[in-house]
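# Structural characterization, general
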Amino acid sequence: MEALDRALYDHDVDAVRRWSREALESGEAGAVDEALAVLARHARDYPDQPLAAETFLETLDATGVVRRYASGALLDQGAVDDVSQEALISIAGSLSSYTGQSKVTTWVHSIVRRRVVDHLRRQRSTAPLTEDLGPAARMSSMIATRATVQQALDALPDLYREPVVLRDLEGLPYNEIAKQLDRPVGTVKAQINRGRALVAAGLRGDGADGVSA
């Protein structure tokens, strides 16, 4: 992965995206794991350079591994959607804690498991308190109310910023956002999830899980 390392150091966006795409298209778990590890290390070591964090989150989400882990523990589709989004946000906020001592997927699994436990705990509560809201709800609330998040929003690629703003600032339903942006509803949901996670990565600390591996 020396070429990917070099592309990240050179901030060669096209080359980094190409490496990510080729790793996914290869269908080889080892290639994807190695690419994710390189991206995670750069995101940890150079938090002021968002390219690695953005590509890491996009690549991880595209593998479907977060959703698979959540699906393995939950039966309800809506719960899987919620926990997957919350996990992605927690992963983004916890990138600085990734040490590289374990596989990225092992580290990711530990965070997803925590979010599953949180979800089940909230489900058992008959009157959940505001502070018991999951990371996704907290991130959405932050985006809608905190001026300090504006910088992180401004740094988002247009692909993600537009649906996040329409959802979390303007409060539009997913189907309306899909119509306005002329994108499938499923695509809009995925882009909002990734966009929120990228905001969390940009804030580095809000919504962090603090899981080291």
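That block above? That's the structure.
Worth saying up front: this structure is predicted, and the values here are computed from it rather than measured.

## Description of empty space enclosed by the protein
In this structure the tally under the stated criterion is one cavity of 30 Å³ or more. Surrounding the largest cavity, Leu8, His11, His42, Tyr46, Gln49, Leu51 and Ala52 form its lining. A breakdown of the residues in the lining of the largest cavity according to their chemical character gives four nonpolar, three polar and no charged.

## Topic: the packing of aromatic side chains
Throughout the structure, instances matching the rule amount to two aromatic pairs. On the basis of an interplanar angle of 80° and a centroid distance of 5.8 Å, the ring pair of Tyr9 and Tyr46 is categorised as edge-to-face. With Tyr9 in helix H1 (residues 2-9) and Tyr46 in the loop between helix H3 (29-45) and helix H4 (51-63), this residue pair connects regions lying 37 residues apart in the sequence. Classification of Tyr9 as exposed rests on a relative accessible area of 52%. Taking the centre distance of 5.3 Å and the plane angle of 55° together, the rings of Tyr98 and Trp107 count as tilted. Relative accessible area serves as the criterion here: at 2%, Tyr98 is assigned to the buried category. Between Arg167 and the ring centre of Tyr174, over which it is positioned, the NZ or CZ distance is 4.1 Å.

Rules of the game
Residues numbered from 1 in each chain as written. Predicted model: local features only at pLDDT ≥ 70, side-chain atom pairs only at ≥ 80, totals over all residues. Heavy atoms only, no water. 1 Å grid on protein atoms, 1.4 Å probe; cavity = no way out; pocket = protein on both sides within 12 Å on 5 of 7 lines; lining within 4 Å. Points joined across faces, edges and corners; volume = space filled by probe spheres on them. Nonpolar A, V, L, I, M, F, W, Y, C, P; charged D, E, K, R; others polar. Phe/Tyr/Trp six-rings, centres within 6.5 Å; stacked < 30°, edge-to-face > 60°. Helix = DSSP H or I, 4+ residues; strand = E, 2+ residues; numbered from the N terminus. Buried < 20%, exposed > 50% of the residue type's maximum accessible area, 1.4 Å probe, protein only. Lys NZ or Arg CZ within 6 Å of the ring centre and 35° of its normal.

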